[in-house]
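Analysis of the macromolecular model
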Amino acid sequence: GSDLADELKDPEFSKEAAFIVQSKPFGMQVQIRAGKPKVVRVVDGLPAAALGIKRGDSVWEVGGMRVTSDNWFETWQQAVPPFGLKLRVAATKEEAEGTNAGTDGELTGQMGELFTVVVDHKPFGMQMRVGSRKVSNAPRDLPAFGKGIRAGCELLEVDKKPVDSITWLEAFSSASLPFPIGVQCPTTSEAVTKPELGQDGVLRIRVVKAPFGMNVENSPKSPKGVVTKVLPGFPAELAGVQPGFQIVEVDGHEVTAQTWYSEFAQAKIPFTVGFRTSDAAENIKILEDTQGKEQEDEVLKDAAYTKLLAVVVQQKPFGMEVQIRGGKPRVVRVVDSLPAAAAGIQRGDVVEEVGGMKVTANNWFEVWQQSVAPFGLKLRVRSTKEEAGTETDDELFTGPLGEPQKFTVKESPFGMGMTPGSNKVGTVPRDYPAYLAGIRPGCELVDVKGQNVNAGTWLAAFTAAAASLPFDITVRCPTKASAAAKPERGADGILRLRVAEKPFGMNVENSPKSKTAVVTKVLLGFPAELAGVVAGYQLVEVAGQVVDAQTWYEKFAKAELPFTIGFNTSSNIDIGAMKQESEAADVDPELKDPEFTKQRDVVVQTKPFGMQVQIREGKPKVVRAVEGFPASSLGIRRGDIVAAVGGIKVTADNWFEVWQQAVPPFGLQLLVRATQEEAQGSPDKRRLASSQGQRRFRKPDTDDADRPDRTATAADPRIAWSRQSSKV
């Protein structure tokens, strides 16, 4: 790798800059530099250049969501204009100190009189808190600050018309310059105070904003509540909180691992939290060494039978403390006076989906912190055998779409949770109006208040219409409705079940010399798990045709929904032994690590993609590309290594979960075989050369979605972009 150019290094001083992305393409190419998503190129003639965005600026927030090197690309891809964009830009020391003082402080106290301000320039610099009409940020160098607007003020009128948390954005975006706005501000100001170290050795920090962005955990028997994660850009990080800190005080009360959450959730902002900062590294080590090794109480173990519980989070704090137990995000405590208890959530419930996104032990905290109420929440809860067998929370309508049906939305929330990146209904809680009206998962929203909508426009149309209830929507539902049929065992001993939805959530592998296709992983909450598929089953039939390890994937990818699959459940295959056999066996030359590779990026526009992946030599490798599917037409070949999916770096351990949860369109990064000349001639050259099996990979970069040549060309489907490499 080469040293970073000076303008791509972190500046000594920086300030925040806020913009509105009115259209795409925006003209801002982003790559990962110094561990952050940074602007490396701005295209003249496109909005980014006109707004003054420069090379070296760091992307901080997209559409109200904090972003990092791991998630910026997915967030950008799914954001629908208009949406907010926050950057960290280079500044002088004076600008940095002035801006931080102006943006971190929030006006508090009793609201004063309504006053009028004229907006005569955009960007105006009045950034709103997501899901409300309250100002969260007013940088000193933009017009709003100069006209007296500060964080804590509320926007009540735009162009002499009343607005609320839903309607202000459309009204503000569509108003022609100049136009008046009506604002109401608190009469007193309390800026964030700096952390103070008391004589008792406790570091006290003032909490003035939620979410705070700090995750606290403990081992089952430890009295210490230890900070395990601090989200970048959230108040906790800005205040100096670090992993390993032990939380010992909330709002003046001493707390332990068992009491901190209840005190924190019920404290009224502003309040103080206190930490012991000594032994931070040792605290983390103890936590890592003991978690999962101590005897858990029965309530926090996996239940024999479960069902899905869907609720809507109307406000935060919700009152549900979650920690990782048994490798899953589980509820360990529910605060009696807060909404979680009223919704019936109990200790031991497993968090499965937040705001339409599947969550795991690795990502639940970030997704929860960034979700803005109201949003959907799915949990897997204990049930009886009878309840588990009749579960219909995830009933899916399948078949051809029927005639359009009109429904009237009379109240909000309506309870129609949409699949991310589409206009298809993904979840419908039973106790909400949408369910009672007959809407189910699988239906498609096609019209809102007389306006045709699609995956990119439905949200803005629905949000605007919700400002004046009631309004009509038009939905098309499949004509054939059926939940997944119960598995049936035939006279031949084969267990057959119906596949009515993809992704199915079942990974199938085999050892290099075996023709046996074996289920090695079943994802929690996906149709495969709900249908009773278990790791170790042998897949022997797809859509009525006998299959083996070499043929199952193509048959499965090409089968039209719904179809049946069959398993031999009595084979008693040892998955661990199969994987050891795979590692010890001679690998097909096409699947061996090449000495030289280059990076290749494509965009997955649809699923199924037609790319079968298995673990070979410890890496997720393509073993088959099915003719007639996008993977084959894009030139993906046997032996290519999957390096990143949707901007998330993947390994042998996590590639399958990340792939199954990725919603097209998303980026796919591969390491492909190259000659020595190609590798040496490319700025991102790599060499996989170690007879001991130790291989080093440079962390892949991810480019901005605006780049027009993101997909490989037909003339040279293996072409990779030129890019600057960075040190690992």
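The residue numbering used here restarts from 1 in each chain and proceeds along that chain's sequence as written. Owing to the predicted nature of the model, reporting of local features is limited to residues with pLDDT of at least 70; listing and counting of side-chain atom pairs is limited to 80 or more, with chain, interface and lining totals taken over all residues. Side-chain descriptors were evaluated using all non-hydrogen atoms of the structure, hydrogens and water having been removed beforehand.

1. Some remarks on the overall build of the protein
- For helices the rule is a DSSP run of H or I covering at least 4 residues; for strands it is a run of E covering at least 2, with both sets numbered from the N terminus onward. Helices and strands together make up the secondary structure of the protein, namely 19 helices and 49 strands.
- Considering the protein as a whole, with its 728 residues, one finds that 48% of them fall into the buried category.
- Relative to all contacts within the protein whose residues are 6 or more apart in sequence, the contacts with residues 24 or more apart total 67%. Each residue gets one of three labels from its accessible area relative to the maximum for its type: buried under 20%, exposed over 50%, partly exposed in between, using a 1.4 Å probe on protein chains only. In this analysis, two residues are considered to be in contact whenever any of their non-hydrogen atoms come within 4.5 Å of each other.

2. Some thoughts on the sheet that holds strand β11 (residues 154–158)
- The strand order across the open sheet formed by four strands is β8-β13-β11-β12, and the pairing between neighbours is antiparallel. Whereas interior strands pair on both sides, the edge strands pair on one side only; in this sheet they are β8 (115–119) and β12 (161–162).
- Strands qualify as paired when DSSP identifies two bridges or more between them. Where β11 and β12 come together, two bridges link them in antiparallel fashion. Bridge pairing in β12 links E157 to P162.

3. Let's talk about the state of the cysteines
- Here, two cysteine sulfur atoms that lie within 2.5 Å of each other are counted as a disulfide. Enumeration according to the criterion identifies two disulfides in this entry.
- Two residues, C153 and C185, share a disulfide whose sulfurs are 1.9 Å apart. On the sign convention where negative means left-handed, the S-S torsion of about 110° between C153 and C185 marks this disulfide as right-handed. Of this pair, C153 sits in the loop between α4 (143–146) and β11 while C185 sits in the loop between β13 (179–184) and β14 (186–190), placing them 32 residues apart in sequence.
- A relative accessible area of 0% places C153 in the buried class.
- A disulfide bridge connects C443 with C477, and the sulfur atoms are separated by 2.0 Å. Judged by the torsion about the S-S bond (110°), the C443/C477 disulfide is right-handed. Here C443, found in the loop between α12 (433–437) and β32 (444–448), pairs with C477, found in the loop between β34 (471–476) and β35 (478–481); they are 34 residues apart in sequence, far enough to count as distant. A single burial state applies to C443 and to C477, both of which are buried.
- Numbered by position along the chain, the disulfide-linked cysteines of the protein connect as 1-2, 3-4.

4. Comments concerning helix α13 (residues 458–465)
- When we look at burial in α13, the residues that qualify are W458, A461, F462 and A465. Viewed along the axis of α13, the buried residues span an arc of 95°, placing them on a single side of the element. Turned more than 90 degrees away from the buried face of α13, the exposed residues are L459 and A460.
- Packed against the buried residues of α13 are β29 (405–409), β30 (417–418), β32, β33 (451–452) and β34. Of all possible arcs, the one meant is that of the directions from the helix axis to the C-beta atoms.

5. Points about the environment of L445
- Along the chain, L445 turns up in strand β32.
- Along the sequence, L445 and V425 sit 20 residues apart, while their C-alpha atoms lie 7.4 Å from each other.
- Residues in contact with L445, not counting those within four places in the same chain, are M416, M418, N423, V453, W458, F462, I473, T474 and V475.

6. Observations concerning the pattern of salt bridges
- Should a side-chain nitrogen of Lys or Arg be within 4 Å of a carboxyl oxygen of Asp or Glu, the pair is scored as a salt bridge. On inspection of all chains with the given rule, the structure shows 14 salt bridges.
- Of the charged contacts in the structure, one is a salt bridge between E617 and K621, with a shortest N-O distance of 3.0 Å.
- Looking at E617, the relative accessible area reads 27%, which means it is partly exposed.
- Among the ionic contacts, a cluster of salt bridges with common partners joins D593, E617, K619 and K621.

7. Here's the deal with the sheet that holds β29
- Strands sit in the order β29-β34-β32-β33 across an open sheet of four strands; the sheet is antiparallel. Strands with a single pairing partner mark the edges of an open sheet, and in this sheet they are β29 and β33.
- As paired elements, β32 and β34 share four bridges and run antiparallel to each other. Among the inter-strand pairings, E444 is bridged to a residue of β34, identified as R476.

8. Some words on unusual backbone geometry
- Residues K316 and P317 are joined by a peptide bond in cis, for which omega reads 0°.
- In this fold, P317 is placed in the loop between β22 (306–313) and β23 (320–325).
- With an omega dihedral of -5°, the bond running from L469 to P470 counts as a cis peptide bond.
- Relative to the elements of secondary structure, P470 occurs in the loop between α13 and β34.
- In this model, D279 sits at a positive phi of 60°, which is unusual for a non-glycine residue.
- Along the polypeptide, D279 turns up in the loop between β21 (271–276) and α8 (280–290).

9. Topic: the pairing of strand β25 (residues 350–354)
- Along β25, five of the five residues are buried, which leaves the element largely enclosed by surrounding structure.
- Two elements, β25 and strand β26 (residues 357–358), share two bridges in a ladder whose sense is antiparallel. Pairing of V354 across the sheet is with M357, part of β26.

10. Some remarks on the packing of aromatic side chains
- Aromatic contacts are taken between Phe, Tyr and Trp rings whose centres are within 6.5 Å, Trp giving its six-membered ring; a plane angle under 30 degrees counts as stacked, one over 60 as edge-to-face, and the others as tilted. For the coordinates displayed, the defined rule picks out 19 aromatic pairs.
- Pairing F245 with F275 gives two aromatic rings, centres 5.9 Å apart and planes at 50°, and the pair type is tilted. One end of the pair, F245, is in the loop between α6 (235–238) and β19 (246–250); the other, F275, is in strand β21, and 30 residues separate them in sequence.
- Arranged with centres 6.0 Å apart and planes meeting at 50°, the rings of F318 and W368 form a pair that is tilted. In this pair, F318 sits in the loop between β22 and β23 while W368 sits in helix α10 (residues 364–370), placing the two residues 50 residues apart along the sequence.

11. Description of the confidence of the model for the protein
- Summary of the metric used: pLDDT quantifies the predictor's per-residue confidence within the range 0 to 100. Residues at a pLDDT of 70 or more form 79% of the protein, whose mean pLDDT is 76.
- A low-confidence stretch, residues 98–105 (pLDDT under 50), is modelled with 19 contacts involving residues beyond four sequence positions or located in other chains.
- This model gives residues 682–728 a pLDDT under 50, and the stretch forms 141 contacts once residues within four places in sequence are excluded.

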